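# Observations on chain architecture
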Amino acid sequence: MMLIIYLIAITAEAMSGALAAGRRRMDIFGVAVIAFVTALGGGTIRDVTLGNYPIGWTQHPEYVYIVLSAGLLTTLVARYMHRLKQLFLMLDALGLVAFSVIGCTIALALEYPIVVVIISGMLTGISGGVMRDVLCNQVPVVFRRELYASVSLFVCVLFLLMKWLGVGENITMLVCFGCGVAFRMLAIRFHWRLPVFSYQQRWE
Amino acid sequence: MMLIIYLIAITAEAMSGALAAGRRRMDIFGVAVIAFVTALGGGTIRDVTLGNYPIGWTQHPEYVYIVLSAGLLTTLVARYMHRLKQLFLMLDALGLVAFSVIGCTIALALEYPIVVVIISGMLTGISGGVMRDVLCNQVPVVFRRELYASVSLFVCVLFLLMKWLGVGENITMLVCFGCGVAFRMLAIRFHWRLPVFSYQQRWE
Amino acid sequence: MMLIIYLIAITAEAMSGALAAGRRRMDIFGVAVIAFVTALGGGTIRDVTLGNYPIGWTQHPEYVYIVLSAGLLTTLVARYMHRLKQLFLMLDALGLVAFSVIGCTIALALEYPIVVVIISGMLTGISGGVMRDVLCNQVPVVFRRELYASVSLFVCVLFLLMKWLGVGENITMLVCFGCGVAFRMLAIRFHWRLPVFSYQQRWE
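Just so it is clear, the structure is predicted and the values come from calculations on it, not from any experiment.

Rules used throughout
- Residues numbered from 1 in each chain as written.
- Chains lettered and ligands numbered in written order.
- Predicted model: local features only at pLDDT ≥ 70, side-chain atom pairs only at ≥ 80, totals over all residues.
- Heavy atoms only, no water.
- Least-squares fit on C-alpha atoms with pLDDT ≥ 70 in both.
- Contact = heavy atoms within 4.5 Å.
- 1 Å grid on protein atoms, 1.4 Å probe; cavity = no way out; pocket = protein on both sides within 12 Å on 5 of 7 lines; lining within 4 Å.
- Points joined across faces, edges and corners; volume = space filled by probe spheres on them.
- Nonpolar A, V, L, I, M, F, W, Y, C, P; charged D, E, K, R; others polar.
- Phe/Tyr/Trp six-rings, centres within 6.5 Å; stacked < 30°, edge-to-face > 60°.
- Lys NZ or Arg CZ within 6 Å of the ring centre and 35° of its normal.
- Axes fitted to C-alpha atoms, helices over the stretch in contact; angles between N-to-C directions.
- Helix = DSSP H or I, 4+ residues; strand = E, 2+ residues; numbered from the N terminus.
- Parallel < 35°, antiparallel > 145°, perpendicular 65-115°, else oblique.
- Left-handed = near helix turned anticlockwise from the far one by under 90°.
- Buried area = accessible area lost by both parts, 1.4 Å probe.
- Polar contact = N/O pair within 3.5 Å; in protein donor to acceptor, adjacent residues only side chain to side chain.
- Core = buried A, V, L, I, M, F, W, Y, C linked by side-chain atoms within 4.5 Å.
- Buried < 20%, exposed > 50% of the residue type's maximum accessible area, 1.4 Å probe, protein only.
- UniProt positions renumbered as here; feature names shortened; annotations may be inferred.
- Expected span 1.5 Å × (residues − 1).
- Arc of directions from axis to C-beta.

Placing chain A over chain B gives an RMSD of 0.0 Å and needs a rotation angle of 120 degrees, together with 0.0 Å of translation along the axis. With respect to symmetry, the two chain copies, as superposed, fit the operation of a three-fold axis. Of every C-alpha in chain A, the one belonging to asparagine 137 of chain A sits nearest the axis of rotation, 3.8 Å from it. Comparing contact sets, just 11% of the residues at the interface of chain A also lie at the interface in chain B, consistent with a heterologous contact between different surfaces.

Rolled over the atoms, a probe as big as a water molecule pinpoints where empty space is left. What the rule picks out here adds up to one cavity of 30 Å³ or more. What the largest cavity holds in volume is close to 50 Å³. Val134, Asn137 and Gln138 of chain A, Val134 and Asn137 of chain B together with Asp133, Val134, Asn137 and Gln138 of chain C together form the lining of the largest cavity. Here the residues of the lining of the largest cavity sort into three nonpolar, five polar and one charged.

Tallied over the full model, the rule gives 27 aromatic pairs over all chains. Each residue in the set Phe154, Phe183, Phe190 and Trp192 of chain A is aromatic and connected to the rest through ring pairs, giving one cluster. Here the basic side chain of arginine 189 of chain B rests over the ring of phenylalanine 190 of chain B, its NZ or CZ set 5.3 Å away from the ring centre.

Residue and element names in this part refer to chain A. Taken N-terminus to C-terminus, the directions of helix H1 (residues 2-23) and helix H4 (residues 85-109) make an angle of 120 degrees; their axes are 8 Å apart at the nearest point. Overall, the two elements H1 and H4 adopt an arrangement that is oblique. The handedness of the crossing between H1 and H4 comes out as left-handed. Two secondary-structure elements touch here, H1 through Met2, Ile5, Tyr6, Ile8, Ala9, Ile10, Ala12, Glu13, Met15 and Ser16 and H4 through Phe88, Leu91, Asp92, Leu94, Gly95, Ala98, Phe99, Val101 and Ile102. Class assignment for the residues of the contact of H1 with H4 results in 15 nonpolar, two polar and two charged.

Attention now goes to the interface of chain C and chain B. Contacts between the two partners involve 38 residues from chain C, matched on the other side by 35 residues from chain B. Regarding the contact of chain C and chain B, the summed buried area is about 3100 Å², with carbon and sulfur atoms giving 69% of it. Contact with chain B buries area across many residues of chain C, yet Arg23, Asp27 and Phe29 of chain C alone supply 21% of it, more than any other trio. Counting across the interface, chain C meets chain B through seven residue pairs in polar contact (both at pLDDT 80 or more). Listed by contribution, the elements that provide at least two residues to the side of chain C that touches chain B are helix H1 (2-23), helix H2 (28-50), helix H3 (61-77), helix H4 (85-109) and helix H5 (114-135) of chain C. Residues belonging to the side of chain C that touches chain B are distributed by class as follows: 24 nonpolar, eight polar and six charged.

Burial of nonpolar side chains together is a common tendency in soluble globular proteins. Core analysis: the largest hydrophobic core is formed by 225 residues, its most contacted members being Leu40 and Phe143 of chain A, Leu40 and Phe143 of chain B together with Leu40 and Phe143 of chain C. Those residues in contact with phenylalanine 143 of chain B that lie beyond four places of it in its chain are Val130 of chain B together with Met26, Asp27, Phe29, Gly30, Val33, Ile34 and Leu135 of chain C.

This part is about the UniProt feature "transmembrane region" (unreviewed entry) in chain A. Residue and element names in this part refer to chain A. Within this structure's numbering, the places UniProt gives as "transmembrane region" (unreviewed entry) are residues 63-80, 87-108, 114-135, 147-165 and 171-192. Taken end to end, residues 87-108 is 100% helix and 0% strand, and its two terminal C-alpha atoms sit 32 Å from one another. Within residues 171-192, the helical portion is 86% and the strand portion 0%, while the C-alpha atoms at the span's ends are 28 Å from each other.

Okay, helix H7 (residues 169-189) of chain B next. Given 3.6 residues per helical turn, the α-helix brings residues three or four places apart onto the same face. Residues and elements named next belong to chain B. Between its first and last C-alpha, H7 extends 30 Å over 21 residues, near the 30 Å set by a 1.5 Å rise per residue. Among the residues of H7, those classed as buried are Thr172, Met173, Cys176, Phe177, Gly180, Val181, Arg184, Met185, Ala187 and Ile188. Take H7 and look down its axis: the buried residues cluster within an arc of 165 degrees, on one side only. With respect to the buried face of H7, the exposed residues turned more than 90 degrees away are Ile171, Leu174 and Arg189. Those residues of H7 that are buried lie in contact with helix H1 (2-23), helix H4 (85-109) and helix H6 (149-164). Following H7 by one or two positions, histidine 191 adopts a phi angle in the positive range, close to 55 degrees.

Residue and element names in this part refer to chain A. Taking the numbering used here, the UniProt-annotated feature "domain: Glycine transporter" (unreviewed entry) corresponds to residues 4-78 and 90-163. The distance from the first to the last C-alpha atom of residues 4-78 is 24 Å, and the span holds 80% helix and 0% strand. Span residues 90-163 is 77% helix and 0% strand, its end C-alpha atoms 25 Å apart.

Have a look at this one:
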């Protein structure tokens, strides 16, 4: 079950990467790389940070084929994608929750301190998107807009809390996915944002 | 003693990260991330490069709390910070020296060749700031202005030289911090710069 | 023989890094860093991804000296370099092939799956240039123009195919270098490009 959600998640992330590459008029190689980095880059950063070798996708060639296919297929169906906007945002939210939970689980298994476990969940959830934006030469959208990272933080804390309370795994998953996806969709729908810090003073 | 200076250093770096995030009008999540990356990113890059696992801050949750607090507090006091400019620059210089010395010490303990030890010191000193600038979508300031990296290089070489000469640890530290901070403050005061390489030729 | 080609490769890459730094009017420290990252960054990313510690250049200080010297010397001879454009492009192509073959060889020795071996070759070949462009604050040229990454992919597949067919090592090398460099030079000469994916639709 978790595996299926994970496969949906990396597919959705690969598609978002491909669209970002298209906005920069990249060639299809660029599309493939950005799709790969967006989908599997977050897990890579997490594994490198935790010293969790070998890195996940190097043991699962099928993940690589999936994200490359998803990225390249996106170039063919891109013109119809705005019609599926709601579905796409839903899958993306599903992916965010799945990545966050997986990141927490891996750091827990390695017995890292609790704050590192939360950072591991958030790294998995958002750093693929950060790398996508850096490679597309823009300020990462996750630092500026909407509640995306906050959803990841919320899910990580909720997950750890329920684990600590001894709630069963199935219920924990159900609650994390239910609340996480709902939170994300509401945040998009009502344009919830975090307060912005604007500092324009010059020192010279 | 070294620990206190290190804590001052990560606090100063986190504040500089938060101000950079504010210049890009990031939300408070973005501020927290940039503060974290600026303060702890240099050490992370060093540890990943040297294969020095587990990475420092993952074993010291208190460092994470300090840099996040410093970053978020900065959003509240930012409007008064230009009055403390001299103090801030002084703490930043102190941090640069501390990071450089720590980076050298760690690579020395792992018995890397001398040029790698120096690179390790400089990676610790400057790559946090480089990542801050990349995430804020600008050419890293350290590649263009002032003697910042040069101070790090100078401190690393001085530190290794004194160690090689068999000078006691306390005196070595005193000299490194004294000369390093003085060098940095003089460089700022008198606008010392390295020669610039400008290459505008087109090949096509 | 392979070592000599490798040294030529990192020299050519360091020079391309230095020129990119000059286009951004960096100081000589920035030139040295960009030269270093362009020449040795690809191998670093590969080794970190594969968990192949210690990282190559940390055991070969002479590589570091070579790339730093090449980078700094470039600032002196830059004005004459356009006259040597053809030679420079040829060395760069040689470097691309060498990096790709080395990347494949290392991942093969670590017994990674075949798709990871190819990614390892391409990471070694192109990620130095990607990091150069990110640090110079531009969209990586390899995602947008010319057949550069495609040459790397072609060489990796050719190399693995010949190895799988049991062709002797010398012949394999000769064919990889011959075909790879020819492919690259023809791609430049005739402006071969991959199809571009342009996606300018707004969803809001």
